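Analysis of the macromolecular model
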Amino acid sequence: MTPNFILKKQGWIEVICGCMFSGKTEELIRRVRTALIAKQKVQLFNSRLDTRYGIGSIISHNQNKVDALCVKNSAEILPLVKKDTQVVAIDEANFFDKGIVAVCDTLANQGKRVIVAGLDTDYRAEPFEQMAALLAKAEFVTKNHAVCTKCGNPAAFSQRITKDTKRIIVGTTDAYQARCRRCYRKPKEDK
Ligand code: ADP
Ligand code: MG
Ligand code: ZN
């Protein structure tokens, strides 16, 4: 998947999207590990909102783990990226503000490979705006699927199983299930 233009110090954006449990974080970690094996300088970022597994690392649902810098918002990222960093990986872009789009663009324009993972849609199956923009701007896009917890078909929807109506509720199997189109039930509007 890594294109030839890595040799020409060309930057680009690659997005890994999909619903909850679709293996976005696992895929991000796999790409980061590959870059590290190639002895590239890699920096990872995560949002402070993602407190599921503790601060200072990115951890997938199956406990795969790499160290990451946890930042409050997108503005904190650029000043932390070192000049000689070749690969910047950002997990849970859906937790970030809209500024994350310009941050990814700037890094790619600086010649860095930007790997960004996140939910493409929220619990109501509506697009996260910053992810929609990133998907449109990216050179490479991967959409992962989970397994529908009801019927076993490929799942693209994140069903919230609590009654919360806030758009962002940080949770794992306590709060969400992966569902296919047939088994997904759209909750009522936010109040
Ligand atoms: P994401 O970042 O997309 O939420 P992760 O990469 O953290 O996903 O975790 C993916 C892992 O979640 C899978 O490898 C599997 O072990 C686990 N998992 C739990 N429930 C499901 C499901 N319904 N479908 C697929 N994987 C699941
Ligand atoms: Mg994840
Ligand atoms: Zn289903």
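In the block above lies the structure referred to throughout.
The following paragraphs examine the structure supplied in this document.

Rules of the game
Residues numbered from 1 in each chain as written. Chains lettered and ligands numbered in written order. Predicted model: local features only at pLDDT ≥ 70, side-chain atom pairs only at ≥ 80, totals over all residues. Heavy atoms only, no water. Near = heavy atom within 4 Å. Polar contact = N/O pair within 3.5 Å; in protein donor to acceptor, adjacent residues only side chain to side chain. Areas by Shrake-Rupley, 256 points an atom, 1.4 Å probe, with all protein chains shown as cover. Helix = DSSP H or I, 4+ residues; strand = E, 2+ residues; numbered from the N terminus. Buried < 20%, exposed > 50% of the residue type's maximum accessible area, 1.4 Å probe, protein only. Expected span 1.5 Å × (residues − 1). Phe/Tyr/Trp six-rings, centres within 6.5 Å; stacked < 30°, edge-to-face > 60°. Lys NZ or Arg CZ within 6 Å of the ring centre and 35° of its normal. Donors = N, O, S within 2.8 Å, 3.2 Å for Na, K, Ca; no water. Tetrahedral: all angles 85-135°; square planar, octahedral: opposite > 155°, others 65-115°. Pairing = 2+ DSSP bridges. Right-handed = clockwise from strand over helix to strand, strands pointing away.

**Considering the site of ligand 1**
- Near ligand 1 you find 15 residues, and of these K24, T25, E26, H61 and V147 are the closest.
- A distance of 3.1 Å is found between an oxygen atom of ligand 1 and a backbone nitrogen or oxygen belonging to S22.
- Between H61 and ligand 1, the recorded distance is 2.7 Å, taken from a backbone N or O atom to an oxygen atom.
- Protein burial of ligand 1: of its 580 Å² of free accessible surface, 76% is covered by the chains.

**A look at unusual backbone geometry**
- Phi angles above zero are rare outside glycine, and K39 is one such case at about 60°.
- Positionally, K39 belongs in the loop between α1 (24-37) and β2 (42-47).
- What makes K39 exposed here is its relative accessible area of 74%.
- Not every positive phi belongs to a glycine, and E92 is a case in point at roughly 55°.
- The class of E92 is buried, set by a relative accessible area of 8%.

**Re α1**
- For α1, with 14 residues, the first-to-last C-alpha span of 20 Å sits near the 20 Å given by 1.5 Å per residue.
- Of the residues one or two after α1, K39 is the one with positive phi, at around 60°.

**Some points on the packing of aromatic side chains**
- Within the structure shown, the criterion is met by two aromatic pairs.
- Between W12 and F140 the ring centres are 6.3 Å apart and the planes differ by 80°, which places this aromatic pair in the edge-to-face class. Residue W12 is located in strand β1 (residues 12-18), and its partner F140 is located in strand β8 (residues 140-143); the two are separated by 128 residues in the primary sequence.
- For W12, a relative accessible area of 1% puts it in the buried group.
- The lysine or arginine in question, R160, covers the ring of Y123, its NZ or CZ lying 3.7 Å from the ring centre.

**So, the coordination of the zinc ion (ligand 3)**
- Surrounding the zinc ion (ligand 3) are the protein donor atoms C148 (SG), C151 (SG), C180 (SG) and C183 (SG), which sit 2.2 to 2.4 Å from the metal.
- In this structure, the zinc ion (ligand 3) is surrounded by four donor atoms whose angles at the metal cover 103 to 117°, and the resulting shape is tetrahedral.
- The sequence pattern describing where the donors of the zinc ion (ligand 3) fall on their chain is C-x2-C-x28-C-x2-C. For the residue pair C180 and C183, the accessibility class agrees, reading buried in each case.

**Remarks on the pairing of strand β7 (residues 113-119)**
- Burial of β7 is extensive: seven of the seven residues sit out of reach of the surface.
- Where β1 lies against β7, seven bridges are found, and the strand directions are parallel. Pairing of E14 across the sheet is with I115, part of β7.
- Sheet topology note: the strand β6 (residues 87-90)/β7 ladder contains four bridges and is parallel. For A89, the partnering residue across the bridge sits in β7 and is I115.
- Considered for its hand, the β-α-β crossover made up of β6, helix α3 (residues 100-109) and β7 is right-handed.

Fair warning: the whole summary comes from geometry, so function is off the table for now.
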